[in-house]
Structure formats: C-alpha cells, structure tokens
Amino acid sequence: RYRDSGAGDKMNPFAEQEAWEEHQIGKATLKYGSKDRKQKSDDFQFVFEDQIDFIKASVMDGVNFEDEVPAESLDKSMEKSAFEKLQEDRKTLPIYAYRDELLQAVDNHQVLVIVGETGSGKTTQIPQYLHEAGYTKRGKIGCTQPRRVAAMSVAARVSQEMGVKLGHEVGYSIRFEDCTSEKTLLKYMTDGMLLREFLGEPDLAGYSVVMVDEAHERTLSTDILFGLVKATRSVQSAWDLKVWTASLFVDMDPYWLILTSQDIARFRPDLKLLISSATLDAEKFSDYFDSAPIFKIPGRRFPVEVHYTKAPEADYLDAAIVTALQIHVTQQPGDGDILIFFTGQEEIETAEEILKHRTRGLGTKIPELIICPIYANLPTELQAKIFEPTPEGARKVVLATNIAETSLTIDGIKYVIDPGFCKMKSYNPRTGMESLLVTPISKASANQRAGRSGRTGPGKCFRLYTAYNYYSDLDDNTVPEIQRTNLANVVLTLKSLGIHDLLNFDFMDPPPAEALLKALELLFALGALNKLGELTKVGRRMAEFPLDPMLSKMIVASEKYQCSDEIISIAAMLSVGSSIFYRPKDKQVHADTARMNFHTGNVGDHTALLKIYSSWKETNYSTQWCYENYIQVRLVSPYPVLLLLFIDARMIVQSSLEGALVRSMKRARDIRDQLEGLLERVEIELMSNSNDLEPIKKAITAGFFPHSARMQKNGSYRTVKHPQTVYIHPTSGLAQVLPRWVIYHELVLTTKEYMRQVTELKPEWLVEIAPHYYQMKDVEDRVSHLCNLVVSMLLRLLDQRKCLAVQDACLRIEL
Ligand code: CDP
Ligand code: MG
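Residues numbered from 1 in each chain as written. Chains lettered and ligands numbered in written order. Predicted model: local features only at pLDDT ≥ 70, side-chain atom pairs only at ≥ 80, totals over all residues.

If you look the chain up in an unreviewed UniProt entry, it shows as RNA helicase from Rhododendron simsii. Listed in UniProt under the heading Sequence similarities (unreviewed entry), the comment for the chain reads: "Belongs to the DEAD box helicase family. DEAH subfamily. PRP2 sub-subfamily." Listed in UniProt under the heading Catalytic activity (unreviewed entry), the comment for the chain reads: "ATP + H2O = ADP + phosphate + H(+)". (UniProt positions renumbered as here; feature names shortened; annotations may be inferred.)

Q: I keep staring at the sheet that holds strand S20 (residues 717-719) and nothing clicks. Help me out?
A: Hydrogen bonding along the main chain pairs the strands of a sheet, whether they run parallel or antiparallel. Strand order in this closed barrel of five strands is S19-S20-S21-S23-S22, and the pairing throughout is mixed. Put simply, the sheet's adjacent strands are angled 50° from each other on average, direction ignored. Judged from the three bridges that link them, strand S19 (residues 708-711) and S20 form a sheet pairing that is antiparallel. Within the sheet, the bridge partner assigned to Ala 709 lies in S20 and is Thr 719. In the packing of helix H27 (residues 693-704) onto the sheet, the strands contacted are strand S22 (741-749) and strand S23 (753-760), and the crossing angle to S22 comes to about 50°. (Pairing = 2+ DSSP bridges. Helix = DSSP H or I, 4+ residues; strand = E, 2+ residues; numbered from the N terminus. Axes fitted to C-alpha atoms, helices over the stretch in contact; angles between N-to-C directions. Contact = placed C-beta atoms within 7 Å.)

Q: Can you walk me through the nonpolar core in this structure?
A: Note that soluble globular proteins tend to have their nonpolar side chains buried in a common cluster. In terms of nonpolar packing, the biggest core is built from 140 residues, with Val 113, Ala 155, Met 554, Ala 571 and Met 755 touching the most fellow members. Each residue touching Val 113, except ones within four places of it in the same chain, is listed here: Ile 275, Ala 282, Phe 285, Ser 286, Ala 292, Ile 294 and Phe 295. In terms of nonpolar packing, the next biggest core, distinct from the first, is built from 44 residues, Phe 342, Tyr 375, Ile 386 and Leu 399 among them. (Core = buried A, V, L, I, M, F, W, Y, C linked by C-beta atoms within 7 Å. Buried ≥ 20, exposed ≤ 12 C-beta atoms within 10 Å, placed from the backbone.)

Q: Please clarify how the packing of helix H5 (residues 122-132) against helix H6 (residues 148-162) should be interpreted in this entry.
A: Two numbers describe a pair of packed helices, the interaxial angle and the distance between the axes. At a minimum axis distance of 10 Å, the contact between H5 and H6 shows a crossing angle of 50°. Here H5 is positioned oblique relative to H6, judged by the angle of their axes. Relative to H6, the crossing made by H5 is right-handed. Contact with H5, carried on its side by Thr 123, Thr 124, Pro 127 and Gln 128, involves Val 154, Arg 157, Val 158, Glu 161 and Met 162 of H6 and no other residues of that element. Along the lines of polarity and charge, the residues of the contact of H5 with H6 split into four nonpolar, three polar and two charged. (Parallel < 35°, antiparallel > 145°, perpendicular 65-115°, else oblique. Left-handed = near helix turned anticlockwise from the far one by under 90°. Nonpolar A, V, L, I, M, F, W, Y, C, P; charged D, E, K, R; others polar.)

Q: Where do I start with the pairing of strand S12 (residues 337-341) in this structure?
A: Within a regular strand, the side chains alternate between the two sheet faces. In terms of residue burial, S12 counts as a mostly covered element, since five of its five residues are buried. On S12, burial covers both faces: Asp 337, Leu 339 and Phe 341 on one face and Ile 338 and Ile 340 on the other are all buried. Bridge count between S12 and strand S15 (residues 413-418): four bridges; the pairing is parallel. Its bridge partner being in S15, Ile 340 is matched across the sheet by Ile 417. The sheet contact formed by S12 and strand S14 (residues 395-400) spans four bridges and is parallel. Bridged to Ile 338 within S14 is Val 397.

This is the structure:
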C-alpha cells in the first residue's frame, strides 16, 4: 500500500490540525481553590550542594558500591563522572526550579495534590527532596506506583542518583518481592503493596510521607488507598482515632486499644499525603481531599500538531505501520523517533514482523529503522534497547503498550502514532466474569499519548481516527478500574480492616452496587463472610494471603484435606502464570512431547503443574532439567528487572546479572517459600499427601467450586452457575480428553471463551463441598436442563434490565 500510493499521498488524509497550547514556563503556581498565588523561588543551592558533596564523598570511599560490581570494573574516576552527570541531569528536570516552593507547600499542608507532565521529575525527585529536607528522620517516605515495572525501575534509578545500593536506603516492594531493608528510607511500591501494609499498620506509623503517584491512572488499589488515607487523616481528635482504631481492631490487636491520646495527637498531623498526577484535572482529587491545595509544576511541553484521518481506518495495525514508514522515508532521520501505541504483545509482535519485512524492501537509500518493542513481559535485555540513544543516521520506532503513556519516559520521540485503542479489563457482575477487551481510549489518554511527542521539541501526533470520533465518541476520562473489576479481593481487604459498611465507604467514584453485592456473595460462598457480612475465621486467614480469594480459600481448605504442601506448590505455579513452557519454532514437537509427559494419566492441569514443581525440586532445582523439559528458564516473568539502564554502564553489568537470575521456576519457588511462611502465620501445618490425588482435587474444588462446567455436545462446555458456553483451552492436557465435569482456574476470551488450567471433578463433590451453593438438581442433568430452558424462555420475554433479576430468581426456584 505504501509503495503503490507513493510517499506523499498517505499524509493527505491528515488534513485537520490542532496546535497544542504551550504551557507556561518558568512560573510555579500554587493554587488554593480558585485563588492563585505565585511564589518566588529562594536560593537553596547551597544546602543541596552540601548533600551532593556528602554523597560524593561516600561514593569516593567506595562505601556504597562495594558488592555491586566486580572490583576490577570499579574505575573510580568513571564512577565519579557518571555520578556527577546524574546530578547534573537532576538539575535539568522541570521540577528542580520548584524544589523550595514544593518543600514549603508540603510543610504547610498535610495533603497536597501535585500535577506535572510526565517526565518532569515527580516520581524520582520529590521523595529525594523530602529526604534531603529531613522528612526521613521521622519515618519512611513511601511512593506508590500502579505498575510493578515502574516501581522497580524508578527505585533503581533513584538509588543510582543517591549513590546507594538498591535495597538499602532506596528500595522497592512489589507482590512477592521485597527489595527493602531496615535501612530503607525511600520505598517505592505498588499501590497494592501499600494496601496490604494497611492490614498490619492502619495508621501507617512507619511513614512520614506517603506519595500516591500516577493517581490519574485510578487503579483499583489507588482508589481504595484514597479512601483509607482519607479516613486515617480525617481522624482529627485523639478520641476519634481511639474509637476508630478500636472499632477496627476490637478482635484483632489489643495494642491499638491502649494507644494513649498523646501518642496520636503527636503523630497524626505529621503524616504528609501527596497525590501526584500527570493530568491537569486535579480538581477532582483536591475536592475529594477537602479542597487540598494543588501544586502545579509547569511542564516543558512543546507544541504538538495533531492530525486525524479523514475516514475511519478499518485496519489500524496496517495504518500505523504505513504511517510510520511514511514518516521514516519523508523526514530526516536525525529529526526524531517514532512511538506507536498498540494494545498488547501479540499486536506488537505482528507489527514488528510486518515492519521488518517491509523495510527489507526499501533498499539502501533509506536510512536504517531500528524497531524497539516494549511490553511488560519482554525480556529485560530487549527492554533496555528502547532507552539506548538512536545512532546517527538511523531512526528508532518504539512499539509500545500503554506502559509508555505515562509510566515510562522515552527521550527523543518526535512522532506519536495513536490508533486509539488499549486493552482494558472489564467485568460482568452477572456472570462474575472478568475479561481483557480491546477498547477505545479516552480523550485524556489520547492527549497523554500526543504529549509524548512534545517532550524535547515540537512534535506531531497522528491519530488513526477521525476528529469526529475524537470529539463525539471518546469518553473524556477512562472509567476508573473500581467500576469495571471484580471486587472480591478488595472487599475482603476492607472487611479485614474492619470497614463493614462498604456501601457508605468514601469512594472517590463508588463501584456499581451490583459488583459489590457480587463480591459479598462470592465471599459468603467461600465462607469468608458469615450471613451478617462479618469476617469469619476462614476469611481472616484468607486475607493473610496476597492472592485472589479463590486461591486463598483453596490454600486454607488444604488444611482439612491434609495436603497443604501440594496445594501451595500448585498455587505458586498458578501465580507465575501460564508461560512456564516454551516452544522454540524448530523444536515444537519435542516441546509438546515434553509437556505432555507431565500430563500422563490425564491428571489435569493443576496436578501437572504440581508434577513439574515436584520433579524440579527432586533434581535439586536444576536449570539443566528445565532446559531438557522445555520449561522457561529465561526471563519471562512479569519482572523485567531493569528497564533502568539509562546512563550508567555499571548498572548494565549489574542488571544483566540479576536479569539472568530471575527465572520463572525460580519465581515459583520464591512464591512457594513465601506461601509456606504465610501458612505458618495462619497456623496451618505443612502436610503432604502426594499419593492420593483426590484430596488435592477436593481442596482445589473448595476454592474454585464456582468455576465448574459440564460437557455439552461438540466438545463445548456449559458453566453450571450463570450458564454460558465455554471450551477447554487447546494447551490444556485435558483438551483431547474432554471429561464430563471440570473445574477451571480462569476464563480467557480469545477466539472463543476458553477455560485455562482445568481439572476433572466428580459432580457430587460440588454438593458435598459447597452445599450452600449447589443443590442436587444443579448437578443432575435433566432437571437443570429444564431449569435452563425456563430461564432462556423468560430471558427472551423480558427486557434486558429485568432479565438479570428474573434469571437469578429462576435459578433459585425449586423445580
Ligand atoms: O514522574 P515523572 O513522570 O514526573 O518523571 P520521572 O519518572 O521522575 O522522570 C524524570 C526523569 O528521569 C526522566 O527524564 C527520565 O528520563 C529519567 N528516568 C530515568 O532515566 N530512568 C528511570 N528509571 C526513570 C526516570
Ligand atoms: Mg512518574
């Protein structure tokens, strides 16, 4: 298409233009409600230089780097210059000019909303400024990130900037991986981890500052954190706090009951709360936190020309590729790189292949086009590539997921191509099904994406949709995750924090009542809540595990079936994800045979996972064994440790060493070890019963009984509750066996609705294990068939709204 139409033609569709407003540069505006107040910067150079000298001195002594790199590669003069370069870079960030004012504002207000462009230095600098200003003397500074990759990469970057070893003064904490120590002062963590910390420390006593970063992403955990910190903070008087904490912990921890009013009055006003966001609609955050002041860091955004297509594009992947090639051949290579937003790994891989194929045909006259994919599961070595400077005479094209929208800053981008889609989680409260769907992005997202092109100079953004689409079809903002997700986990956490009245919890945007009820219903079915909605002993134990409630229930139930040893191995393997096996293109048959070996006897996928783990353990966790069995030993875990190889060569050495050690199976082992620790904490003995599969399957059923399905004709299955047609995933060991009854771990929607990780079960177990959920008629074929008929007839008769209620009612009718 590109060659047929000639280079210039494709540009024509982008007729409409829109210039971006250049933001005010050079003035900090501190906004209090509607009043603006401008403040003059004071000179703080001196204090800061002092700090640097101090850090430099310790670096020169070799104190901080001792075990990071082999001694011979520690060239002191190089080290000093790399460090100095980092310090210079810090001073070029937009936020640097407002350091003093920011510190002053933090000093004056307990809650501060901070707004600034991506790349202005919020995440890396603010915690350091606060540290330099002495906040860490009173407690840690915590900074939350919605993405694990971001938490890790930023922590690594900040540790470099401070000249300390990662995990010492600067650390990070993500689920199943705690890279902090007693020394840690600046702690980067996922928002989910801070949420878990609330469980142990509901007043966040260990922190002097909590910064909820990337707040505009409005992830589920961020939203819940908002509610919790607001509650914590709004406890003004000591008496309030006493009553509040007492109500939380009346049956948990007597320590809270004896807090004296003095302790609290002294401590609470000290906790600083920073909400930082990359988008300008900060008023909403401010309103929520009782008109907290907004601190704006003027960005250095250059004007961005926005182009739309004249007509909608039928194939955005192809349109994106054509546009990229067009830019590449018509514009000077030194002029700037290209960033394309895709929805996921598959799309990126396809685009990469097509691009490679087409550039091959371009001949030598056209400059080199370096293709750099970036998505969370990409091996670390390859991820580093996107941050390497583009060689002269070449151009880089970065194929990214949403990860490049605000979490990562890639320098040198001048052209952004935005097809207008992303993958988003959606949840159907009726069926309890969660799925990832390709969805149009919001206007806010589109503007963020466009902004990526104007960081270092004027940029261009090519939107592969029409201006009409943009103005009339796109929502203003992305719907917060809390309104489109399964809430079971959150409800369990909140319940274990003693927050009973969920309908009146102060959510920034409340979740749909139906989703809340569904979550309560599931937790009740799992036995985590009693009829009054109170946490049971089972629920309390479940809440200790940082896992989905169904998985936690499976573990807690393993006590009864005396197979906790096996069950935690299965849970660990399930948590690693489905990418344990690999299939090299030239050895697919061998790989498939190796995989099927674990399925001999049609034991089911859960047991196969257990077999893999135990066999690996028997070989004393051998890497060779993994190679022989085509099991991932390469880095495919969602922990691309170090995207962070920005500047420092030493870091690269260290990163690739660490990267090579992070392996899927090793990760399963780590998770398993942690689960073993948690078992001890909830006082479940480690018991093994490997000769008998039935108890293991029963324990799985005890957690996953809502996920049962019965075979219909043609190899399809019908889920028992909320009937729906599903299939066994082709990678399952049972895909050819097709047992009559199965239980599945999860549903994934690709070409069809597939069940992944499937195990055979006896239908009577459902009634035995979950008598409150299943009755004999559910598992007897004829009657439930009749029930289904009645339901589908009624569904046809009634309008959509009433259907839900009627269907539920029908399922409960005693036929
Ligand atoms: O949080 P915000 O988007 O405001 O900026 P930041 O993440 O603090 O990034 C500030 C600068 O640090 C950017 O120019 C990045 O290029 C750089 N950075 C880096 O080099 N390596 C990282 N892992 C993170 C940021
Ligand atoms: Mg940031």
